[in-house]
Amino acid sequence: MWAGYAVAAGERVDLELQASTSYSGTPIRVPIHVWRAEEPGPAVFVTGAVHGDEINGTGTVRHILQEHPFDLVAGTLVLVPVVNIPAFEQLSRYSPDRRDLNRSFPGTRDGSLSSRIAHATFHNVVARCDYGIDLH
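Basis of the calculations
Residues numbered from 1 in each chain as written. Predicted model: local features only at pLDDT ≥ 70, side-chain atom pairs only at ≥ 80, totals over all residues. Heavy atoms only, no water. Core = buried A, V, L, I, M, F, W, Y, C linked by side-chain atoms within 4.5 Å. Buried < 20%, exposed > 50% of the residue type's maximum accessible area, 1.4 Å probe, protein only. Contact = heavy atoms within 4.5 Å. Salt bridge = Lys/Arg side-chain N within 4 Å of Asp/Glu carboxyl O. Helix = DSSP H or I, 4+ residues; strand = E, 2+ residues; numbered from the N terminus. Expected span 1.5 Å × (residues − 1). Arc of directions from axis to C-beta. Polar contact = N/O pair within 3.5 Å; in protein donor to acceptor, adjacent residues only side chain to side chain. Pairing = 2+ DSSP bridges. Axes fitted to C-alpha atoms, helices over the stretch in contact; angles between N-to-C directions.

Chemist: Teacher, can you tell me more about the nonpolar core here?
Modeler: Across soluble globular proteins, you tend to see nonpolar side chains buried next to one another. Trp2, Ile32, Val34, Val78 and Val80 are the most contacted members of the largest nonpolar core, which has 26 residues in total. Discounting chain neighbours no more than four positions away, the residues touching valine 78 are Trp2, His33, Val34, Val44, Phe45, Val46, Val125 and Cys129. One finds Val61, Ile64, Leu65 and Leu77 within the second-largest nonpolar core, a separate group that totals 7 residues.

This is the structure we're talking about:
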């Protein structure tokens, strides 16, 4: 299960992980893209924009999503182009709570905004994968 959805072997699914709620009560949804090969194998995540002003990783993940530059032969690939949605929308290094998301992992369910985003990302993506690449 990825973000509450079962992804079958050979399937590519675009999902949203509700990572938190903003101070105004608006859901903060992180887009995740899960590709599963037909064959079993390791799960690998690739993330971008943990800091909202570091957008090169976002472009790289977007390129993979749009161009499909390789065939996934085995395992699962989890692509997260923008982890820190609130900071990305403001082109800011820091989340609106003025915290560095990169320093907030693994986070807590009831902590600051950054801590809640870190908690959701850690438990729904990072901890479920065997390997990870953060394009920082």
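Having seen the structure, we can now continue with the description.
Chemist: Would you explain the pattern of salt bridges in this entry?
Modeler: Two side chains of opposite charge can pair, provided their charged atoms sit close to one another. On inspection of all chains with the given rule, the structure shows 4 salt bridges. Between glutamate 16 and arginine 29 there is a salt bridge, and its shortest N-O distance comes to 3.8 Å. Taken together, the residues glutamate 16 in strand E1 (residues 12-21) and arginine 29 in strand E2 (residues 27-36) connect sequence positions 13 residues apart. Since its relative accessible area comes to 40%, arginine 29 is described here as partly exposed.

Chemist: What is the right way to read helix H1 (residues 56-67) from this model?
Modeler: Spacing of three or four residues puts side chains on the same side of an α-helix, whose turn is 3.6 residues. Between the first and last C-alpha of H1 there are 16 Å, a value that for 12 residues agrees with the 16 Å anticipated at 1.5 Å per step. Within the span of H1, buried status applies to Gly57, Thr58, Val61, Ile64 and Leu65. For H1, the buried positions fall inside an angular range of 125° around the axis, keeping them on one side. Counted as exposed and oriented over 90 degrees from the buried face of H1: Asn56 and Arg62.

Chemist: Sorry if this is basic, but what is going on with the side chain of serine 112 here?
Modeler: Relative to the assigned elements, serine 112 resides in the loop between helix H2 (85-89) and helix H3 (113-124). Only 3.4 Å separates the side chain of serine 112 from the side chain of aspartate 97, close enough to count as a polar contact. In this structure serine 112 touches Asp97 and Arg99, once residues within four positions along its chain are discounted.

Chemist: How do you make sense of the sheet that holds strand E4 (residues 74-80) when you look at a structure like this?
Modeler: Strand pairing within a sheet occurs via backbone hydrogen bonds; the two strands may be parallel or antiparallel. Taking strand neighbours across the sheet as the criterion, the 5 strands line up as E1-E2-E4-E3-E5 in an open arrangement whose pairing is mixed. Each of the sheet's edge strands pairs with one partner strand only, and the pair in question is E1 and strand E5 (131-135). Each strand axis lies, on average, 25° off the axis of its neighbour in the sheet, ignoring direction. Where strand E3 (residues 39-48) meets E4, 6 bridges bridge the pair, whose relative direction is parallel. Looking across to E4, one finds that alanine 43 is bridged to threonine 76. Relative to the sheet, H3 contacts E1 and E2, its axis offset from that of E1 by approximately 150°.

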